[in-house]
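Residue-level listing of the chains:
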Amino acid sequence: MLIAQISDTHIAAADKQTYGIVPMAENLARCVAHINGLIPKPDLVLITGDVANDWCIDQTLRAKSILDGLDCPYYIIPGNHDDRGHIWDVFGGKACPERVDGFINYVIDGYPIRMIGIDTLETGESGGVLCATRLAWIKERLAEDQQTPTLLFMHHPPLKLGIPETDVDGFVGSDELGALIADCGNIKRVLCGHIHLLTHTLWNGTIVTTAPSMGMQLALDLTQEKPSKFLKTKPGYLLHHLTGGGHLVTHSILVDGNVTRYEFAEHN
Ligand SMILES: [Fe+2]
Ligand SMILES: [Fe+2]
């Protein structure tokens, strides 16, 4: 099984670039074309939030017009730059199969990996929130199946990753989520976005992976002084490959039209 993950597309209004400088719609179109050209083809694409840049429905519709070019099914959960109502109005019933208690929480079944989409958006907040209602839903879904390999996907990473820019946002309910995950033995991964950097961190017996940016990479500053800059980069996405051996292996894909292939040869 092959799962592509796109995150933080931050699409601007028509004919506009994000923050006036980053061609995120073009970047997304390039990723869509790249994913469509993969052999073997992915089974599906997960999009881990911040679809729009400014909570606008026209930006959300523009994202849909590009994402509909994917040859495979795609699924979306909202991020803090999204309006939940707009995400549901544009993607509800297909890319967002279900809405529970007003939250875009759903399960994707029918594949070798069970996938649980989790809505961590709290309107008006930058950080993640899992309230009692959402935690109860997650607890029920995890209890339903403790055998099938499972991944969770959501916008906000549930732990501080040493990146001040996003650590400051926080995550209400992360301890409770961690306890639920620690009680399961079948959680292969928690897939997130939000920080615009590729990271992998062991957490409560699983691995939390955050996706790289789509061309708006966060400037890495490990001095713990809050950085405020993004880097305009080539777009990238992740490919999660469930191997025949049952391991979920993550590949980072940089979409770059300027690649030279060469033969690897032994040197005597
Ligand atoms: Fe983002
Ligand atoms: Fe975000």
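Remember, predicted model here, so these are calculated numbers, not experimental data.

Topic: the packing of helix α4 (residues 132–144) against helix α6 (residues 174–182)
Here comes step 1: Their axes nearest at 11 Å, the elements α4 and α6 cross at an angle of 5°. By the angle between their directions, the pair α4 and α6 is classed as roughly parallel. From α4, L135, I138, K139 and L142 reach across to α6, where they touch E176, L177 and L180.
Here comes step 2: Of the residues in the contact of α4 with α6, the class split is five nonpolar, no polar and two charged.

What to know about the coordination of the iron ion (ligand 2)
Here comes step 1: All of the protein donors around the iron ion (ligand 2) are D50 (OD), N80 (OD1), H155 (NE2) and H194 (ND1); their distances to the metal are 2.1 to 2.3 Å.
Here comes step 2: Given four donor atoms and angles of 87 to 159° at the metal, the environment of the iron ion (ligand 2) is assigned as irregular.
Here comes step 3: Between consecutive donors of the iron ion (ligand 2), the numbers of intervening residues give the motif D-x29-N-x74-H-x38-H.
Here comes step 4: The distance between the iron ion (ligand 2) and the iron ion (ligand 1) comes to 3.5 Å, and D50 binds to both of them. Of this pair, D50 sits in the loop between β2 (44–48) and α2 (57–67) while H155 sits in the loop between β7 (150–154) and α5 (164–167); the two residues are 105 residues apart in sequence, bridging distant segments of the chain. For the pair D50 and H155, one class covers both residues: buried.

Looking at the coordination of the iron ion (ligand 1)
Here comes step 1: Distances from the iron ion (ligand 1) to its protein donors, D8 (OD), H10 (NE2), D50 (OD) and H196 (NE2), fall within 2.0 to 2.3 Å.
Here comes step 2: Viewed at the metal, the four donor atoms of the iron ion (ligand 1) are separated by angles of 88 to 178°, and the geometry they form is irregular.
Here comes step 3: Written as a sequence motif, the donor arrangement for the iron ion (ligand 1) is D-x1-H-x39-D-x145-H.

Quick notes on the rules
- Residues numbered from 1 in each chain as written.
- Chains lettered and ligands numbered in written order.
- Predicted model: local features only at pLDDT ≥ 70, side-chain atom pairs only at ≥ 80, totals over all residues.
- Heavy atoms only, no water.
- Axes fitted to C-alpha atoms, helices over the stretch in contact; angles between N-to-C directions.
- Helix = DSSP H or I, 4+ residues; strand = E, 2+ residues; numbered from the N terminus.
- Parallel < 35°, antiparallel > 145°, perpendicular 65-115°, else oblique.
- Contact = heavy atoms within 4.5 Å.
- Nonpolar A, V, L, I, M, F, W, Y, C, P; charged D, E, K, R; others polar.
- Donors = N, O, S within 2.8 Å, 3.2 Å for Na, K, Ca; no water.
- Tetrahedral: all angles 85-135°; square planar, octahedral: opposite > 155°, others 65-115°.
- Buried < 20%, exposed > 50% of the residue type's maximum accessible area, 1.4 Å probe, protein only.

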